[in-house]
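Below are the chains, spelled out letter by letter.
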Amino acid sequence: MLHLTLCVVGETLQRDLFLKSRVVAALGTSLPPAAPIRFGRVHGRAMGAELVTRGRSTEIRGFFDAIAKMLAGYGIAPLHRRSGLRPHITLGYDRSTFDAFDVIHHWTPDALLLIESRPRVDARGREHIVLHRWPLLPPAQSAFAFMTEDGSPPPPTLRAA
């Protein structure tokens, strides 16, 4: 199942019984449209293989910034791992010693999920429980080169021949 961990909204030793209601209130029902995620390279690493983005990731950064602003209005500060916002798909956790290679894979998420992640009872991995789901609108159509900043076509012009 493709997913992107956008940020952590609470990391405590005890369950925060009010966090879900605060996040649901902060995000409401009018989220920004989904951001397209453009993957392009598979890397093998000591801790597993991953499919990573290539090029600019301004769309996902803009989506994150909009969500972070909504959360900040409710006193929720999104946290990142030390690596920061790094869109990727984990392909495995075993040591992978192959040369990196290029792929083309574009993905547009259709939902934003609030997930509680906690250690499994059997101590193997983590258990992920979906607390809330928000559907996302598809991204806005990209502008064509002949369009103006607001996406409208330019006014007609007359040219002498």
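Residue positions are counted from 1 within each chain, in the order its sequence is given. Thresholds applied to this predicted model are a pLDDT of at least 70 for local features of residues and 80 or more for the giving and counting of side-chain atom pairs; totals over whole chains, interfaces and linings are not thresholded and use all residues. The basis for every side-chain value is the complete set of non-hydrogen atoms in the structure, without hydrogens or water.

## Structural notes on the confidence of the model for the chain
To keep it simple, the criterion reads: Per-residue confidence from the predictor is given as pLDDT, running between 0 and 100. Helix and strand assignments follow DSSP, with helices taken as H or I runs no shorter than four residues and strands as E runs no shorter than two, numbered in order from the N terminus.
In this model, the chain carries a mean pLDDT of 80, and residues with pLDDT of at least 70 account for 78%. Ranking the helices and strands of the chain by mean pLDDT puts helix H1 (residues 19-27) first, with 91, and strand S3 (residues 88-92) last, with 81.

## Quick word on helix H2 (residues 58-72)
We apply this condition: For a helix, the expected span equals 1.5 Å multiplied by the residue count minus one. The cut-offs for exposure are 20% and 50% of the maximum accessible area for each residue type, with area from a 1.4 Å probe on protein chains only; residues under the lower value are buried, those over the upper are exposed, and the others partly exposed. It is the directions from the helix axis to the C-beta atoms that the arc portrays. Contact criterion: two residues are considered in contact whenever any of their non-hydrogen atoms come within 4.5 Å of each other.
In this model, H2 (15 residues) spans 21 Å end to end at C-alpha, consistent with the 21 Å of a helix rising 1.5 Å per residue. Looking only at H2, the buried set comprises Ile-60, Phe-63, Phe-64, Ile-67, Ala-68 and Leu-71. Summarising the axial view, the buried residues of H2 lie within an arc of 135°, below the 170-degree limit, and thus occupy one face. Structural note: H2 exposes Lys-69 and Ala-72 on the side pointing more than 90 degrees away from its buried face. On its buried side, H2 packs onto H1, strand S1 (37-45) and strand S5 (111-119).

## A word on the layout of surface pockets
To keep it simple, the criterion reads: Put plainly, a pocket is an open set of points on a 1 Å grid over the protein atoms alone with protein on both sides within 12 Å along at least five of seven lines, a cavity is a set where a 1.4 Å probe fits but cannot get out, and a lining residue has an atom within 4 Å of a point. Grid points are joined across faces, edges and corners, and a volume is the space filled by probe spheres set on the points.
Volume-wise, the second largest pocket comes out at about 180 Å³. In this structure, the second largest pocket is lined by 10 residues; those nearest its centre are Ala-34, Pro-36, Glu-59, Pro-139 and Ala-140.

## Details of the pattern of salt bridges
We count it as follows: The term salt bridge refers to a pairing of a side-chain nitrogen on Lys or Arg with a carboxyl oxygen on Asp or Glu at a separation within 4 Å.
A full pass over the atoms with the stated rule returns 4 salt bridges. Arg-45 is the partner of Glu-50 in a salt bridge, and the nearest nitrogen-oxygen pair spans 3.1 Å. Measuring nitrogen to oxygen at the nearest pair gives 3.7 Å for the salt bridge that ties Arg-61 to Asp-65. Residue Arg-61 and its partner Asp-65 are both found in helix H2; the two are separated by 4 residues, about one turn of the helix.

## Brief notes about the packing of H1 against H2
This is how it is decided: As a rule, the C-alpha atoms of each element are fitted with a line to give its axis, helices using only the stretch in contact, and angles between N-to-C directions run from 0 to 180 degrees. The crossing is said to be left-handed when, going from far helix to near helix, the turn is anticlockwise and less than a right angle, and right-handed when the turn is clockwise.
For the pair H1 and H2, interaxial distance at closest approach is 8 Å and the crossing angle is 120°. For the crossing formed where H1 meets H2, the hand is right-handed. In this structure, H1 contributes Val-23, Ala-26 and Leu-27 to the contact, and H2 contributes Ile-67, Met-70 and Leu-71.

## Focus on a nonpolar patch on the surface
Definition in use: Candidate patch residues must exceed 30% relative accessible area and have no salt bridge, after which like charges are joined if within 9 Å and Val, Leu, Ile, Met, Phe, Trp or Tyr side chains if within 5 Å. Throughout, the Shrake-Rupley method with a 1.4 Å probe supplies accessible areas, and for residues the shown protein chains are the sole cover considered.
Residues Leu-113, Ile-115 and Val-130 make up a contiguous nonpolar surface patch of roughly 220 Å² in combined accessible area. Counting through the fold element by element, Leu-113 comes out in strand S5.

## Considerations on H1
Taken as a whole, H1 has its buried residues at Leu-19, Val-23, Ala-26 and Leu-27. Projected down its long axis, H1 shows its buried positions confined to an angular sector of 85°, all on one face. One or two steps after H1, the chain reaches Gly-28, where phi turns positive at roughly 55°.

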